[in-house]
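Below are the chains, spelled out letter by letter.
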Amino acid sequence: MARHSSSFFQGWEDKEHVRIFDWFSYFPTPLFIKQFEYFNEIRLLQKYFEKEGSSDKSMFEVGCATGEMVRYLKKKGYNCDYHGFDISEQAITAARKKFPLGKFKTITENSREIVESTGKAELVFSRDVIMHQTDPWGFLDSLLELATDTVILRMKTRDKGDTCLDPELSCQAHYDKYWMPYIVINVDELCAHLSKKANVAEINIIRSYGVLGGKNGRFLPKELYFSESGTAETAIQIRIGDKTNSSPTINLIDRSDKLQLSVIERAWLKLWLVYKRPEPEA
Ligand SMILES: C[S@@+](CC[C@H](N)C(=O)[O-])C[C@H]1O[C@@H](n2cnc3c(N)ncnc32)[C@H](O)[C@@H]1O
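All figures in this text were calculated on a predicted structure; none of them were measured in a lab. Note on numbering: residues in each chain are counted from 1, in written sequence order. With the structure being a predicted model, the display of local features is reserved for residues of pLDDT at least 70 and the display and counting of side-chain atom pairs for 80 or more, all residues being used for whole-chain, interface and lining totals. With hydrogens and water stripped out, all remaining heavy atoms of the structure feed into the side-chain values.

**Notes on the overall build of the chain**
Part 1 of the reasoning: Secondary structure is summarised from DSSP: a helix means a run of H or I of at least four residues, a strand means a run of E of at least two, and numbering begins at the N terminus for each. For the chain, the helix and strand inventory stands at nine helices and twelve strands.
Part 2 of the reasoning: Dimensions of the chain, computed from C-alpha atoms along their principal axes, come out at roughly 55 × 45 × 45 Å.
Part 3 of the reasoning: Contacts spanning at least 24 positions in sequence make up 75% of the contacts within the chain whose residues lie at least 6 apart.
Part 4 of the reasoning: Here the accessible surface of atoms and residues is derived via Shrake-Rupley with a 1.4 Å probe, and residues count as covered only by protein chains that are part of the display. Here the chain displays about 13700 Å² of accessible surface, and carbon together with sulfur accounts for 52% of that area.
Part 5 of the reasoning: None of His or the chain ends enter the tally, which takes Lys and Arg as positive and Asp and Glu as negative. For the purpose of locating charges, the reference atoms are NZ of Lys, CZ of Arg, CG of Asp and CD of Glu. Of the side-chain charges in the chain, 39 are positive and 40 negative, and the distance between the mean point of each set is 5 Å. Here, two residues are considered to be in contact whenever any of their heavy atoms come within 4.5 Å of each other.

Next up, the structure:
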C-alpha cells in the first residue's frame, strides 16, 4: 500500500476509488466520446490537438486515475506521447491492466518529481485534482513548471468570497471512510495568482455554474450552499509563453457542461451498464 503525506490522501488507495472512477470504461464508445466531449476541459483539449496537431506532442496527465484518457486519445486518433501519473497505486495498477502499452507511473503528492523522472511536456492536463490538495496553489505551480506550452485543468471555482484553504472546513467524504480536501478557488484570486507568473501568457476560463455545497458528501463553507456565491465546474486553459503585456490576456466564458443524453441513449446506457458494470467487492 502506498504511503501518503497525510490522511487526506489515503482514500485514493481504496478499491472503491478504482471501481467508481473506472465508470467510463463501462460506457459504449459512442456515448463515452459524447459525454467526454461535453466537458469543457475536453473541448479545450480537442481544440488544442486540432490546432497544434498531436503526433509531435507530449502530454502529461496528472491525476490520471484508471487512464480512460488513453481510450479517448486512441479513439480520436490523437497519437501524442501520453504519460499518466497518479498517487494511487490501485488506480495505476488498474490503468496498466487496461492499457498494457500505456505509460503510467505512481508518484507522491509532489508532481515536481515528474520533471526529474520524465522531463516536461508540451501539454499538461489535470482534471479534478487541484481541489483535493492540501496545498492547491503549490500544486498549480508545479503543473505550470511541468508544461512548456499549455496547461488544461478542471477545478471548482467561486465568483464571490475568499477561497477557504482549510481542508477541515472545505472537504468531501469519500467511500464511507475518508475525508478529502475539496477546495473551491475564488476566480479573481486564481487570475491574480496566475498573473504574477512570468511565463503565463493567456488564461481562458470556462465556467459551468452550479451549486456545489451539500452534494456528493461535500462539507463546504456555508455560503457555497447557495447560488449567490457563483460556484462552478471550471475548465481552464493556461498558455505558457511570453506575455505581450505585463499581465496575461484573460478570457472568461460561461458554458454549461451538463450532458443531455437522449431518451434512447439513456436506455442504451442503462441496459449496457446492467451487463458491463462490476458489482462492488464484498
Ligand atoms: C477526483 S479523481 C479525478 C480522476 C480523473 N482525473 C478524472 O477526472 O476522472 C482525482 C485523482 O487524482 C489523484 N491525485 C490526488 N492528488 C494527487 C496529486 N497530488 N498528484 C497526482 N495525483 C493525485 C487521485 O489518486 C485520483 O485518482
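**Digging into the packing of aromatic side chains**
Part 1 of the reasoning: For Phe, Tyr and Trp, where Trp contributes only its six-membered ring, two rings pair if their centres lie within 6.5 Å, and the inter-plane angle classes them as stacked under 30 degrees, edge-to-face over 60, or tilted in between. Throughout the structure, instances matching the rule amount to 16 aromatic pairs.
Part 2 of the reasoning: Plain terms: the ring middles of F60 and F85 are 5.3 Å apart, the flat faces sit at 75° to each other, and that makes the pair edge-to-face. Taken together, the residues F60 in strand β1 (residues 58-62) and F85 in strand β2 (residues 81-86) connect sequence positions 25 residues apart. Summarising the burial analysis for this pair, F60 and F85 share the class buried.
Part 3 of the reasoning: Ring centres 6.2 Å apart and planes at 65° place the aromatic pair W179 and F219 in the edge-to-face group. One end of the pair, W179, is in strand β7 (residues 178-181); the other, F219, is in strand β10 (residues 218-219), and 40 residues separate them in sequence.
Part 4 of the reasoning: Only protein chains enter the accessibility calculation, which uses a 1.4 Å probe. A residue is then buried if its area is under 20% of the maximum for its type, exposed if over 50%, and partly exposed in between. Its relative accessible area of 41% is what places F219 among the partly exposed residues.
Part 5 of the reasoning: An aromatic cluster is present here, built from W23, F24, F27, F32, F36, F39, Y48, F49, Y72 and Y78 joined pairwise through their rings.

**Brief notes about the environment of F99**
Part 1 of the reasoning: As for its position among the elements, F99 is in the loop between α5 (89-98) and β3 (104-106).
Part 2 of the reasoning: Relative accessible area serves as the criterion here: at 12%, F99 is assigned to the buried category.
Part 3 of the reasoning: Put simply, F99 and E68 are 31 residues apart on the chain and 9.2 Å apart in space, counted from C-alpha to C-alpha.
Part 4 of the reasoning: Apart from the residues lying within four places of it in its own chain, the contact partners of F99 are T66, G67, E68, V70, R71, K74 and F104.

**Some remarks on the pairing of β1**
Part 1 of the reasoning: When you tally the buried positions in β1, you get five out of five residues, the bulk of the element.
Part 2 of the reasoning: A two-sided burial pattern is seen for β1, the buried positions comprising S58, F60 and V62 on one face and M59 and E61 on the other.
Part 3 of the reasoning: When DSSP finds two or more bridges between a pair of strands, those strands are recorded as paired. In the sheet, β1 pairs with β2 via five bridges, with the strands oriented parallel. The residue of β2 that forms the bridge with M59 is Y82.
Part 4 of the reasoning: By the criterion used throughout, a crossover qualifies as right-handed when its path from the first strand across the helix to the second strand runs clockwise, the strands pointing away from the viewer. Running through helix α4 (residues 68-76), the crossover from β1 to the neighbouring parallel element β2 is right-handed.

**Regarding the site of the ligand**
Part 1 of the reasoning: Close to the ligand lie 18 residues; H17, G63, D86, R127 and Q133 are nearest.
Part 2 of the reasoning: Here a polar contact is taken to be a pair of N or O atoms separated by no more than 3.5 Å, where protein atoms must pair a possible hydrogen donor with a possible acceptor and residues adjacent in sequence count only if both atoms sit in side chains. Contact between the ligand and D86: an oxygen atom at 2.6 Å from a side-chain N or O atom of the residue.
Part 3 of the reasoning: A distance of 2.7 Å is found between an oxygen atom of the ligand and a side-chain nitrogen or oxygen belonging to R127.
Part 4 of the reasoning: When isolated, the ligand has an accessible area of 600 Å², and the protein chains bury 95% of it. Proximity criterion: a residue is near a molecule or strand once any of its heavy atoms comes within 4 Å of it.

**Remarks on the sheet that holds strand β6 (residues 171-174)**
Part 1 of the reasoning: In spatial order, the strands read β7-β6-β10; together these three strands make up an open sheet with antiparallel pairing. Where the open sheet ends on each side, the last strands, each with one partner, are β7 and β10.
Part 2 of the reasoning: Relative to β7, β6 runs antiparallel, the two being bridged by four bridges. Following the sheet pairing, H174 is matched in β7 by Y178.

**Concerning the side chain of S54**
Part 1 of the reasoning: Checked against the element boundaries, S54 lands in the loop between α3 (40-52) and β1.
Part 2 of the reasoning: Overall, the relative accessible area of 10% leaves S54 in the buried class.
Part 3 of the reasoning: Polar contacts involving the side chain of S54 include one to the main-chain amide nitrogen of N79, which spans 3.3 Å.
Part 4 of the reasoning: Contact partners of S54, with chain neighbours within four places excluded, come to F49, G77, Y78, N79 and C80.

**Re the state of the cysteines**
Part 1 of the reasoning: Only a pair of cysteine sulfur atoms within 2.5 Å qualifies as a disulfide here. As enumerated under the stated definition, the model contains zero disulfides in all.
Part 2 of the reasoning: We note that C64 lacks a disulfide partner, and the nearest cysteine sulfur, in C80, lies 13 Å from it.

**Re the environment of L252**
Part 1 of the reasoning: Along the chain, L252 turns up in strand β12 (residues 249-254).
Part 2 of the reasoning: Each C-alpha atom of the pair L252 and N204 lies 6.2 Å from the other, and the pair is 48 residues apart in sequence.

**Side note on the packing of helix α7 (residues 136-146) against helix α8 (residues 187-195)**
Part 1 of the reasoning: All axes here are fitted lines through C-alpha atoms, helices being fitted over the stretch that makes contact, and every angle between N-to-C directions spans 0 to 180 degrees. The contact between α7 and α8 brings their axes to 12 Å, and the two run at 45°. The angle between α7 and α8 places the two elements in the oblique class. In this structure, α7 meets α8 at a crossing whose hand is right-handed. Contact with α7, carried on its side by W137, L140, D141 and L144, involves E189, L190, H193 and L194 of α8 and no other residues of that element. Note on angle classes: values under 35 degrees are labelled roughly parallel, values over 145 roughly antiparallel, values of 65 to 115 roughly perpendicular, and the remainder oblique. Here is the rule for handedness: rotate from the far helix to the near one, and if that takes an anticlockwise turn smaller than a right angle the crossing is left-handed, while a clockwise turn gives right-handed.

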